[in-house]
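The chain contents come next:
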Amino acid sequence: MIVSHDGAVWLPRLLAELPGLTRHPDVVVGVDTGSTDGSASLLSASNAVDAVHQMGRDTGFGAAVQAGLQAAAKPPSSPVTGRARGDGIGRGDWIWLLHDDCLPAPDTLERLLEVARTAPDIAAVGCRVRAWPSGRRLLEVGVTITSTGHRETGVEPGEQDQGQHDEDRDVLAVSSAGMLVRRDVWEGLGGFDPALPLFRDDVDFGWRAASAGYRVVVAGRATLFHVEAASRGVRETTCTSRRPHRADRCAALFTVLANSRGAAVPVVYVRLLLGSLLRAVGYLLGKLPATAWDEMCAAASVLGRPWRVYAARARRRRRRTTGGVAGVRRLLPPWWTPYANGIDAVRGRFGEPARETATAVASSARRLRPSGAGATRHSSGGNSALAILARHPLLVVVTVLTAASVVASRGLWGGGFLQGGALLPAPDGAAAWWRLYAESSHAVGGGSTVDTAPYVAMLALGATVVLGKAWLLVDVLMLLAAPLAGASAWLAAGSLVRGTGTRMWVALTYGLIPILIGAVASGHLGTVVAAIVLPWVARSGCRLLATGPDGAWRSVFGTGLWLSVAVAFAPVGWAIAAALGTAAACWLLANDRPLRAAQWAVALAMPVALLLPWSWRVVTHPDLALTEAGLTAVPGASTDAWQLAFARVGAPGAAPWWVTGCLTLVAVLALLRRDTRTAVTAAWMLVVCGLAAAALLRRQTISLPLGGAEAYPWLGVPVVVASAGAIAAAGIAADGLRSFIGSGSFGWRQPAAALGVAAGTAAVVLGLGWDAGAASHGVLHRAVAVPVPAYMVEAMATSDERVLVLRTGGDSVRYQLLAGDGMRLGDDSVLSGGADRQLRAVISDVLSQSRPADVRRLGALGIGYVVLPSPQAATAVSRLDAVAGLTRTSSDRAVLSGWQVDAPLVSPAVLPVGPRRDGWLLLQSLLWLGAGVLAAPASRRPLPAQDVPA
């Protein structure tokens, strides 16, 4: 039975090979389904075909076979010379199905019949399918299907036929191309299901045959070559409607639902729905939007019409046997197969980009292993220190920085939560961050309805990746900031320098910049994350300037995405990026590149769009642009201008000027090299913008939400930008320095180069020494999450009582109103811009007038305890002791003093209801997903080469 559909390219070869078969078919019937390329004429003109039947163009394969059987019910009127003849096709005969784009080997039919006659319960026999026409690449050796509808062919992608599949074995199904099937079974099962006109009809038929108690066997020595023209989109058919993937997925979903066990159908239904959604997202990330659309349309077509599935299941139920249903299970792949396929797909899809990051570490680690003990002894320096540096530069950078970080953070690992300065304790899990970001009303302080900062969602996503352990994410970011920043700088430096040694210096120096050490010691998580992300922003920005038109938009969205992450943690970064982007756009316009200037504008606008509605809150409240993730500290004075020139901000643990001065010196010397002056000047733009931003901000003050005091903004991010520019300038000038020195006679070059090398080396050595040996932990420490006695924590957890924490160690009084599990990282982003006036008035009256009525006001706010942590102002302690209605509680006065409020407690008022965030969350998710798809590397899915004759 030969079914053709626009197969004139392959059909002549098939018809020419039929007379040469070692076992001739008794009757050959051709069915053409509305071909427009002369396929019907080729069938009619061939002496190898006994009868030809024509059908409509929309006829499915199964319907064509059924029509061919009816056309061959009577013997043909003319004999065919040289072939054994029968008296037509009877119920006990075998039907051999052939596609017009397949080619059987000469002994294929003979091999199939040999297997078919070995047992009476064999219903169908299939071939070992190879690529057309004589390739050794295997396509199928039997077929099965996973619970998600994936077609399993029994071979690995690209596997060559070397006789490894020559044995005969039972399978769930065999390909309809070359399938030999008993006619009585065919008719008893109703042939191929009309609901499956083209794809998965063979899998469905095999599943139904196995459920009825029959066997389907693949003949390992029977070979068939197949083009798979329809599934690969080589030709268009009405059944696929120009969408072969959509038609295939429709057939896959229908096959699984129609044949699964009845008890499992609800679970399978939900699994297929969720799986289709995940596959669509995967296709979007792979830049295959048309395929993602096909996936969703297929799910809607099948899952949205359950009555078709119910009718199909009713038809199949009548032919099932108990033994057949049990036998099907062993022919289906294991439950974990879809997940393994998914991992392979992700690895194949993202393996190329990931290889750029991981190859240097993985391949060099493999080369570390000697081939044998003798090789180790007799190798001449193969595993020496210099060889390791040459083979594993990134591994060495990460190892050195990690070792320094572990030594520097001694005493900060262990129980409790990392906190101090601007860093609040992490919540108990990622769910708390997700809840904080999604809710519209926040039980923080006196209650808040402001929009949560987007950095909370990013922390929640990161914590989810580490199995929900929020504390672990914070520990890694803070205590291993140096190796993370150094690895980022290594990857970014590949766009600036070529020499391995220079690239290593850039990475080591950036990971050890004193401002990063100071940010960790003062708990500034925003600066730490911005420092880690900044090299990625620079890398994408450099690619945007260097790439051609094809890859420019991908770099635009990549730059915008990384910049959005940095701005979410440190909003002041956007102002610096805008200044640099404006300068870059002016340069591009001056060089007659208006499109590229517009692309820069798009990249700069992306953080505003991706971070809505929080970005609008920053626009309307400019003070927020001067804050970052975490609490705003209260320094005693602003940073002096001379310290900024040495990249210092006076933070706890900050290095002295003679440590940071080495980097400043080497950056200035970089300007002396003439052949790299243009690139060095561009890097100095970062230095100028960073220092200018720091100089402008150092005298500004911002109002704090806790206690209404004022503070100077933290200058960490501008100084990080300036330090990165200095390192980039020095690295560009140092690249190829040996050739530059040797290109002229002795003069100023040699002393300047020697001084620069000495200063650059000192920057790394002094940075390592300071970080690992001299730098203090500053205010960073590890302690319990809520710094009040345990009985107060229990009271907050079991009732609505609150604890008022007053900090009187400075010139002003600051306060925290603790409830539930206390203030955690992320809660700082939802504190209202001004402190609650009522609470502020109560605190002012308690610390000044000390009237009993003030105690009742505390109780009305739900405050059950008042505590003063050390250091405590003696006047504040004496005033609180004198207030009637405040009773001293048991506490360690060296740590804190506590009082219980002896007044009726009123449950806190119901929180104000803020606007629903569902719409914003959906819009934000879609924007991030779209930007991620556009920034991802383009998908490369070349089809296997087909040797198609002209």
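Attention in this report is confined to the structure presented alongside it. This is a predicted model, so every value here is computed, not measured. (Residues numbered from 1 in each chain as written. Predicted model: local features only at pLDDT ≥ 70, side-chain atom pairs only at ≥ 80, totals over all residues. Heavy atoms only, no water.)

## Comments concerning the nonpolar core
Ranked by size, the top nonpolar core spans 105 residues in total, and within it W433, Y455, L459, Y510, V803 and L825 carry the most contacts. Here the element with the most residues in this core is helix α22 (residues 525-546); it accounts for 8 residues. Not counting the four nearest positions on each side in its chain, V803 is found in contact with V788, M792, M796, Q816, L817, L818, Y865 and V867. In terms of nonpolar packing, the next biggest core, distinct from the first, is built from 30 residues, V31, V65, I95 and V181 among them. (Core = buried A, V, L, I, M, F, W, Y, C linked by side-chain atoms within 4.5 Å. Buried < 20%, exposed > 50% of the residue type's maximum accessible area, 1.4 Å probe, protein only. Helix = DSSP H or I, 4+ residues; strand = E, 2+ residues; numbered from the N terminus. Contact = heavy atoms within 4.5 Å.)

## Things to note about the sheet that holds strand β5 (residues 98-99)
On the basis of which strands lie adjacent, the open sheet formed by 4 strands has the order β3-β2-β1-β5 and parallel pairing. At either margin of the open sheet sits one strand with a lone partner, and together these are β3 (51-55) and β5. The strands touched by helix α3 (residues 61-71) are β1 (2-4), β2 (29-33), β3 and β5; relative to β2, the strand with the most contacts, the crossing angle is about 135°. (Pairing = 2+ DSSP bridges. Axes fitted to C-alpha atoms, helices over the stretch in contact; angles between N-to-C directions.)

## A few points about the pattern of salt bridges
Scanning all chains against the criterion turns up 24 salt bridges. Across the pair R316 and D193 runs a salt bridge, and its minimum N-O distance is 2.7 Å. Separated by 123 residues along the polypeptide, R316 in helix α10 (residues 306-317) and D193 in the loop between α5 (183-188) and α6 (201-211) bring together distant segments of the chain. Note on accessibility: R316 and D193 belong to one class, buried. The shortest N-O distance in the salt bridge between R279 and E295 comes to 3.2 Å. You can see R279 sitting in helix α8 (residues 265-285) and its partner E295 sitting in helix α9 (residues 289-303), a full 16 residues away along the chain. The class for E295 is buried, based on a relative accessible area of 0%. (Salt bridge = Lys/Arg side-chain N within 4 Å of Asp/Glu carboxyl O.)

## A look at the side chain of D161
With respect to the helices and strands, the residue D161 is situated in the loop between β10 (151-152) and β11 (169-171). At a separation of 3.1 Å, a polar atom in the side chain of D161 contacts the side chain of R130. Discounting chain neighbours no more than four positions away, the residues touching D161 are R128, R130, R136 and L138. (Polar contact = N/O pair within 3.5 Å; in protein donor to acceptor, adjacent residues only side chain to side chain.)

## Examining the sheet that holds strand β22 (residues 896-901)
As summarised here, the arrangement of the 5 strands in space is β19-β18-β20-β22-β21, forming an open sheet in which the pairing is mixed. In the strand order of this sheet, the two ends are held by β19 (814-818) and β21 (886-888), each with one partner. Neighbouring strand axes in the sheet, compared pairwise and without regard to direction, differ in orientation by 25° on average. Of the strand pairs in this sheet, strand β20 (residues 863-869) and β22 are connected by 5 bridges, and their pairing is antiparallel. Paired with L868 across the bridge in β22 is S897. In the packing of helix α36 (residues 874-881) onto the sheet, the strands contacted are β18 (802-807), β20, β21 and β22, and the crossing angle to β20 comes to about 150°.

## Observations concerning the pairing of strand β13 (residues 215-226)
The buried count for β13 comes to 10 of 12 residues, which makes it a mostly enclosed element. Relative to β13, strand β6 (residues 102-104) is paired through 3 bridges, and the arrangement is antiparallel. Following the sheet pairing, C102 is matched in β13 by H226. Here strand β7 (residues 122-131) runs beside β13; their pairing, made up of 8 bridges, is parallel. What sits directly across from A124, in β13, is V216.

## Brief notes about the packing of helix α19 (residues 481-493) against helix α20 (residues 500-511)
The geometry of α19 relative to α20 is characterised by a closest axis approach of 7 Å and an angle of 145° between their N-to-C directions. The two elements α19 and α20 cross, and the hand of that crossing is right-handed. Here A482, A485, G486, A489, W490, L491 and A493 of α19 come into contact with α20, specifically with T500, R503, M504, V506, A507, Y510 and G511. Class assignment for the residues of the contact of α19 with α20 results in 10 nonpolar, 3 polar and 1 charged. (Left-handed = near helix turned anticlockwise from the far one by under 90°. Nonpolar A, V, L, I, M, F, W, Y, C, P; charged D, E, K, R; others polar.)

## With respect to the state of the cysteines
In total, this model carries 0 disulfides according to the counting rule given. The thiol sulfur of C250 is not disulfide-bonded, and the nearest other cysteine sulfur, from C297, lies at 8.4 Å. (Disulfide = S-S within 2.5 Å.)

## Topic: the environment of R807
The topology assignment puts R807 in strand β18. Sequence separation of R807 and V867 is 60 residues, and the distance between their C-alpha atoms is 8.7 Å.

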